[in-house]
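# Analysis of the macromolecular model
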Amino acid sequence: SSILEKEIEGSIRYRFTQKPSKAIEELTNYKKLKAIYSTYSFKKPKISWMESFTRSMSKNQLIFAGHPHIDSYRHQLKFVIALEDVSKNNGPTSYLAKTQFFNFDLLLCYFLSWIYEKRIVKGKKQFLPKKVIRKYHVNEKNLFIMKKGDLSIFDSRGIHHGSLIESGARHLLWFYFD
């Protein structure tokens with residue numbers, strides 16, 4: 001199938017393995033997204049995309065990407081389009097600035113990410129070392145507060161996570177360019 005579905009209570013995520021439809025390309029101004037990427041990298045992008053919807057259920061609710069993490073050992077642009085408003089209360093992405101640069105404390109995470117992506121070893125995404133998590137929690141982070149239709153772009157090698165949804169729901173469209 002060209003759609004990979006993943007669900008936890010209160011959340012559903014669809015990862016699409018085929019090229020976006022014409023309707024999605026028009027909705028997201030896809031050609032401009034590719035043009036933005038081309039100013040960052042000179043190679044032809046490999047693009048994957050995903051839709052996620054999460055609604056508030058409880059204070060201890062599990063959410064996708066709810067723990068601080070990196071997506072890859074390599075730099076990867078992540079484009080996020082809000083399909084509805086994202087406020088402080090409905091789970092904005094939290095991003096720690098300047099963490100996309102090499103960090104010796106993350107060397108093992110970079111290595112594990114590499115062997116998983118190369119399919120040398122099967123496994124799940126790794127958790128960051130406790131030392132890195134402690135630093136993450138005490139530092140000021142950027143919250144991606146967005147209006148419906150807004151676009152946020154970040155390097156997903158940097159440390160980030162989805163914040164807890166205190167009320168309402170969060171509905172996002174994600175594009176990964178690498």
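To keep things clear, this report deals only with the structure shown in the data block.

### Observations concerning the nonpolar core
- Of all hydrophobic cores here, the largest spans twelve residues; its members are Phe-16, Ile-24, Tyr-30, Leu-33, Tyr-37, Trp-49, Leu-77, Phe-79, Ile-81, Leu-173, Phe-175 and Phe-177.
- Sorting the residues of this core by element identifies α2 (30–40), β4 (77–82) and β9 (169–177) as the ones contributing at least two each.
- Setting aside anything within four residues of it in sequence, one finds Phe-16 in contact with Ser-2, Ile-3, Trp-49, Met-50 and Glu-51.
- Of all hydrophobic cores here, the second largest spans eleven residues; its members include Met-50, Val-80, Ala-82 and Phe-144.

### Re the packing of aromatic side chains
- Considering all chains together, one arrives at five aromatic pairs under this definition.
- Ring centres of Tyr-95 and Phe-144 lie 6.3 Å apart, and the angle between their planes is 20°; this geometry places the pair in the stacked category. One end of the pair, Tyr-95, is in strand β5 (residues 93–95); the other, Phe-144, is in the loop between β6 (142–143) and β7 (151–155), and 49 residues separate them in sequence. The residues Tyr-95 and Phe-144 share a single accessibility class, namely buried.
- With centroids separated by 5.3 Å and ring planes inclined at 45°, the aromatic side chains of Phe-144 and Phe-154 adopt a geometry described as tilted. Of the two residues, Phe-144 is situated in the loop between β6 and β7 and Phe-154 in strand β7; the sequence distance between them amounts to ten residues. Phe-154 carries the same exposure label as Phe-144, and that label is buried.
- Linked through ring pairs, Tyr-95, Phe-144 and Phe-154 together constitute an aromatic cluster.
- Cation over ring: Arg-157 sits above Tyr-110, and NZ or CZ is 4.4 Å from the ring centre.

### Structural notes on the sheet that holds β4
- Judged by pairing direction, the sheet is antiparallel, and its six strands sit side by side in the order β1-β2-β3-β9-β4-β7 without closing on themselves. Of all strands in the sheet, those with a lone pairing partner are β1 (3–8) and β7, marking the two edges. Neighbouring strand axes in the sheet, compared pairwise and without regard to direction, differ in orientation by 20° on average.
- Where β4 lies against β9, six bridges are found, and the strand directions are antiparallel. The residue of β9 that forms the bridge with Phe-79 is Phe-175.

### Details of the environment of Ile-63
- In this structure, Ile-63 sits in the loop between β3 (47–55) and β4.
- Placed 31 residues apart in sequence, Ile-63 and Lys-32 show a C-alpha to C-alpha distance of 30 Å.

### A look at the sheet that holds β6
- The strand order across the open sheet formed by three strands is β6-β5-β8, and the pairing between neighbours is antiparallel. Where the open sheet ends on each side, the last strands, each with one partner, are β6 and β8 (160–162).
- Pairing of β5 with β8 involves three bridges; the strand directions are antiparallel. By the bridge assignment for β8, Thr-93 is matched with Gly-162.

### Here's the deal with the pattern of salt bridges
- In total, this model carries two salt bridges according to the counting rule given.
- Two residues, Lys-78 and Asp-71, come together in a salt bridge whose shortest N-O distance is 2.8 Å.
- Taking the relative accessible area as the measure of exposure, Lys-78 reaches 5% and is therefore buried.

### Things to note about a nonpolar patch on the surface
- A contiguous nonpolar patch, built from Leu-108, Phe-111, Trp-114, Ile-120 and Val-121 and spanning about 480 Å² of accessible area, is present on the exposed surface.
- In this structure, Leu-108 sits in helix α3 (residues 107–117).

About the criteria used
- Residues take numbers from 1 onward in each chain, read along the sequence in its written order.
- For a predicted model such as this one, the threshold for reporting local features is a pLDDT of at least 70, and the threshold for listing and counting side-chain atom pairs is 80 or more; totals across whole chains, interfaces and linings nevertheless cover every residue.
- With hydrogens and water set aside, each side-chain value is computed from the structure's full complement of heavy atoms.
- Nine residue types can take part in a nonpolar core, namely buried Ala, Val, Leu, Ile, Met, Phe, Trp, Tyr and Cys, and a core is a set of them joined through side-chain atoms within 4.5 Å.
- Only protein chains enter the accessibility calculation, which uses a 1.4 Å probe; a residue is then buried when its area is under 20% of its type maximum, exposed when over 50%, and partly exposed in between.
- Secondary structure elements follow DSSP: runs of H or I no shorter than four residues count as helices, runs of E no shorter than two count as strands, and numbering proceeds from the N terminus.
- Two residues form a contact once any of their heavy atoms are found within 4.5 Å.
- For Phe, Tyr and Trp, where Trp contributes only its six-membered ring, two rings pair if their centres lie within 6.5 Å, and the inter-plane angle classes them as stacked under 30 degrees, edge-to-face over 60, or tilted in between.
- The rule for a charge over a ring is simple: NZ of Lys or CZ of Arg within 6 Å of the ring centre, and within 35 degrees of the ring normal.
- Pairing between two strands is assigned when DSSP locates at least 2 bridges connecting them.
- Geometry is summarised by axes, namely lines fitted to C-alpha atoms with helices restricted to the contacting stretch, and by angles between N-to-C directions that run from 0 to 180 degrees.
- Here, a salt bridge means any Lys or Arg side-chain nitrogen found within 4 Å of an Asp or Glu carboxyl oxygen.
- Here a patch means residues that are over 30% exposed by relative accessible area and free of salt bridges, tied together within 9 Å if like-charged and within 5 Å if nonpolar (Val, Leu, Ile, Met, Phe, Trp, Tyr).
- Per-residue accessibility takes into account occlusion by the displayed protein chains alone, with areas from the Shrake-Rupley method and a 1.4 Å probe.

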